[in-house]
Amino acid sequence: MIRIRLTSACLLLSVTLTTSAQLRTGPGLLTLDQVFASADFDTDRFSPFEWVEGGEAYVRIEYGADGSQQLVKYQSSDGEKSILLGGIQLVPDGRDRAINVESFGFSADESKILLFTNSAKVWRSNTKGDYWVYDLSARTLKQIGVQLPASSLMFAKFDATGDRVAYVSGFNLYVESLSSGEVKQLTVDGTDKIINGTFDWAYEEEFGNRDGFRWCPDASSLAFWQLDASSIGTFYMINNTDSIYSQPIPIQYPKVGEDPSACRVGIVDIASGAVKWIPLEGSQVQNYIPAMQWIDGESLLIQQLNRHQNQLIVWHYNTESGALRKVYVEKEDTWVDVQYPDPSSNNWGNNDLKLVDDGASFLRLTEGDGWRHLYKVEIATGETTLLTPGAYDVASWAAMTDRHVYFHASPENSTQRYLYRVDLRGKGKRERITPSDISGMNIYNCAPNGAYAVWNHSTVLNPGAVSMVALPDHKTQQVFIDNAQLKDRLKALKMPTVDFATVSTPEGLSIDVRMIKPHDFEPQKKYPVLFHVYGEPWGQVATDRWVDKWALMIAQQGYVVVDMDNRGTPCLKGSEWRKSIYRQIGRVNILDQAQAATEVLKLDYLDEERTAVWGWSGGGSTTLNLMFQYPDIYTTGMSVAPVPNQLLYDNIYQERYMGLPQENKEDFVAGSPMTHAKGLEGNLLLVHGTGDDNVHYQGSEVLINELIAQNKQFDLMVYPNRSHGIYEGQNTRRHLFTMLTNYLTEHVPAGGR
């Protein structure tokens, strides 16, 4: 049974589509060049910024009329502008060119600015580079860490006084005095095996951990993580193209079932250099430490997660007495989330607990009563107070004041997000802050004082705007981006229509479906269907957000593009919905997708003989499983960067949702696409980059062997040295999506019949 309810719905597809040599062309129809070689139909972007003065102002990097960089300060209330620094101020003594500022941060009194430049990539992000300090009072620019190799400093930050800067280089911690120039090395054992002040590949990828040290509020010490990766296996990628001999590229990568790096937290005294290790309970190998933060000058909160990731302990540690006390314990039969995947979350990489009541309590999102709710936990007693009662999920934390906490939610419709607030005392009802006449996806980057927020709004066919609003009245103070030029160009396009549907499956589930229909849709005709899938715990696809350009183009070509969210995806439908996928990846999600597709295809205007499915990463795995397990539904599949064998992925992600293979290996096998490869009947295109350090090309080669053994014909495209995103190198993205488009139109002809 399918029930259609029309809304201003939207979804941001994680990837893009294209069509073959037989593409429809003409006025109002997108072309491949417009999608991939032009920015004409891109949304405008609001550049990164830093709140200052508690949120009463913010600072952005901008470019002057001459093209030079400037750090510009704006008042949040009215947008009054002032130049903090730029031009000649960014030119070091003895040089003739300004440094190129990539990011920046302020001292506590905002009199000095750390400027990050000349960066280099570490895994996913450019986290190594050079740092300069600009003193706004003295008007001086000084580089720090000059005694160390270029582009080797990481995570530099001021102490509370603003006179010293700590940073990591070569897996060791350093402190440098700005007034005297003295540099002190605090750790000496750092290597690629003993990692001080930063993290290994798995911690970064799966917990968002990169910056691995914290200044004590009284500036007397640093708390830092140390990882021992000496037992982590090395995975080798092979570069075959950059020299006449192949070059191995080693990566410390803990596969599922393999022990993670040993981890501990230490406190190093700046004056003496002595390190005190915090004696947490349990094995340093069989527990993770995804977060650690100072409460005051002598107290730390430390989050410890067991290897199974189904128990979280929050410890309180007193640095003076050495007393270690459990403040809070959370257990699940499935898994405990440290950070929740949601399109409204702005906190990736920051796992700290949010302190309230002048540091006497913290906030914790948890799912103990079947819904994800905000609780306040008193640090002294562990007493908890439910702040958001009701049969609905909190999507993500947003901000707080001394009286209220702001959060994203959508109690009536999981495809959308709005801003709400509740009283921090646990009294009173939730209050919607986003105006009631606004729909779609609404994401807020709130100021530290909770008085202002940068509001990003869009719906499926409206690219929306980015504005500064005052809270709680939501009064617009400034409009940063209105996408006016894009909206004008869209008026000239033949825009598709979008329906949101709920599909009832034989299992009794109501699954959200988004359907993008051709602009010239005629309900008496039958149209081919392209199902776009993800299907795992870190992706929700049927959301009311501005649609991807490629999806628009594919719909214009005469396809109905369908997105559906199965159980296990992070929809706001309760804990049972999300956690039912535990030990069932590759089974529960595949069943839901197949049953929902069967119901959708009962619509008279959809052609069940012309069906395709595609996805990337987890979506690539879902695509394979659907093609192999349900060949009667899907005639063509395009799988990009999949995990064909769950036993080959990293331990933190796969064990969180599947358990440990030493205990239930049969679940990993049953959910892995390669187990079902013999079921392939239709057309399959497999795409992977050999430089994928996340989902290794190894998995695709294992699948290829199995398909050969089963005498199954398929198509393969390998991108040399490309990473998981397959974007490196000239013309790569255009080539990839041209190929996907050609494959789609060749095997699933476009247009209504």
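Scoring rules and cut-offs
- Residues numbered from 1 in each chain as written.
- Predicted model: local features only at pLDDT ≥ 70, side-chain atom pairs only at ≥ 80, totals over all residues.
- Heavy atoms only, no water.
- Patch = residues over 30% accessible without salt bridge, like charges linked within 9 Å, V, L, I, M, F, W, Y side chains within 5 Å.
- Areas by Shrake-Rupley, 256 points an atom, 1.4 Å probe, with all protein chains shown as cover.
- Salt bridge = Lys/Arg side-chain N within 4 Å of Asp/Glu carboxyl O.
- Lys, Arg positive; Asp, Glu negative; His and termini not counted.
- Charge placed at Lys NZ, Arg CZ, Asp CG, Glu CD.
- Helix = DSSP H or I, 4+ residues; strand = E, 2+ residues; numbered from the N terminus.
- Expected span 1.5 Å × (residues − 1).
- Buried < 20%, exposed > 50% of the residue type's maximum accessible area, 1.4 Å probe, protein only.
- Contact = heavy atoms within 4.5 Å.
- Pairing = 2+ DSSP bridges.
- Axes fitted to C-alpha atoms, helices over the stretch in contact; angles between N-to-C directions.
- Phe/Tyr/Trp six-rings, centres within 6.5 Å; stacked < 30°, edge-to-face > 60°.
- pLDDT = per-residue confidence, 0-100.

Before going further, it helps to examine a negative patch on the surface. Together, Asp218, Asp296, Glu298 and Glu320 line one region of the surface with negative charge. Of note, Glu298 is situated in the loop between strand S21 (287–296) and strand S22 (299–306).

Moving on: helix H6 (residues 588–600). For an α-helix, the turn length of 3.6 residues means that residues three or four places apart are oriented alike. Taking 1.5 Å of rise per residue, the 13 residues of H6 would be expected to cover 18 Å, and the 18 Å separating its terminal C-alpha atoms lies within 8% of that figure. When you tally the buried positions in H6, you get 11 out of 13 residues, the bulk of the element. Listing the buried residues of H6 in full gives Val588, Asn589, Ile590, Asp592, Gln593, Ala594, Gln595, Ala596, Ala597, Glu599 and Val600.

This paragraph deals with the environment of Val165. Inspection of the secondary structure puts Val165 in strand S11 (residues 164–169). Spatially, the C-alpha atom of Val165 lies 7.4 Å from that of Leu178, the residues being 13 residues apart in sequence. Setting aside anything within four residues of it in sequence, one finds Val165 in contact with Leu114, Val133, Ile144, Ala156, Lys157, Phe158, Tyr174, Val175, Glu176, Leu178 and Trp215.

Here we come to the sheet that holds strand S32 (residues 431–432). On the basis of which strands lie adjacent, the open sheet formed by four strands has the order S29-S30-S31-S32 and antiparallel pairing. For this open sheet the edge positions go to strand S29 (394–400) and S32, each flanked by a neighbour on one side alone. Pairing between S29 and strand S30 (residues 404–409): five bridges, direction antiparallel. Residue Val394 lies in a different strand from S30, and its bridge partner there is Ala409.

Summed over the entire model, instances satisfying the criterion amount to 33 salt bridges. In this structure, the salt-bridge partner of Asp512 is Lys573, at a minimum N-O distance of 3.5 Å. Pair noted here: Asp512 is in strand S38 (residues 510–517) and Lys573 is in the loop between strand S40 (560–564) and helix H5 (575–579), with a separation of 61 residues, a long-range link. A relative accessible area of 4% means that Asp512 is categorised as buried.

Looking now at the sheet that holds strand S4 (residues 69–75). The antiparallel open sheet is built from four strands, whose spatial order is S2-S3-S4-S5. Of all strands in the sheet, those bounded by a partner on one side alone are strand S2 (49–52) and strand S5 (81–86). Averaged over all pairs of adjacent strands, the angle between their axes in this sheet comes to 30 degrees, without regard to strand direction.

So, about the packing of aromatic side chains. A complete count under the given rule lists 32 aromatic pairs for this structure. Each ring, one from Trp51 and one from Tyr58, has its centre 6.4 Å from the other, and the planes form 75 degrees; the classification is edge-to-face. Summarising the burial analysis for this pair, Trp51 and Tyr58 share the class buried. Ring plane angle 40 degrees and centroid distance 4.9 Å describe the contact between Phe116 and Tyr131, whose orientation is recorded as tilted. Here Phe116 is found in strand S7 (residues 112–122), whereas its partner Tyr131 is found in strand S8 (residues 125–135), with 15 residues between them in sequence. Relative accessible area serves as the criterion here: at 9%, Tyr131 is assigned to the buried category. Among the aromatic side chains, those forming a connected cluster through ring pairs are Phe46, Phe49, Trp51, Tyr58, Tyr74 and Phe480.

What follows covers the confidence of the model for the chain. For the chain, mean pLDDT is 95; residues scoring 70 or higher make up 97% of the total. Segment residues 1–21: pLDDT under 50, and 112 contacts once partners within four positions in sequence are set aside and those in other chains are kept.

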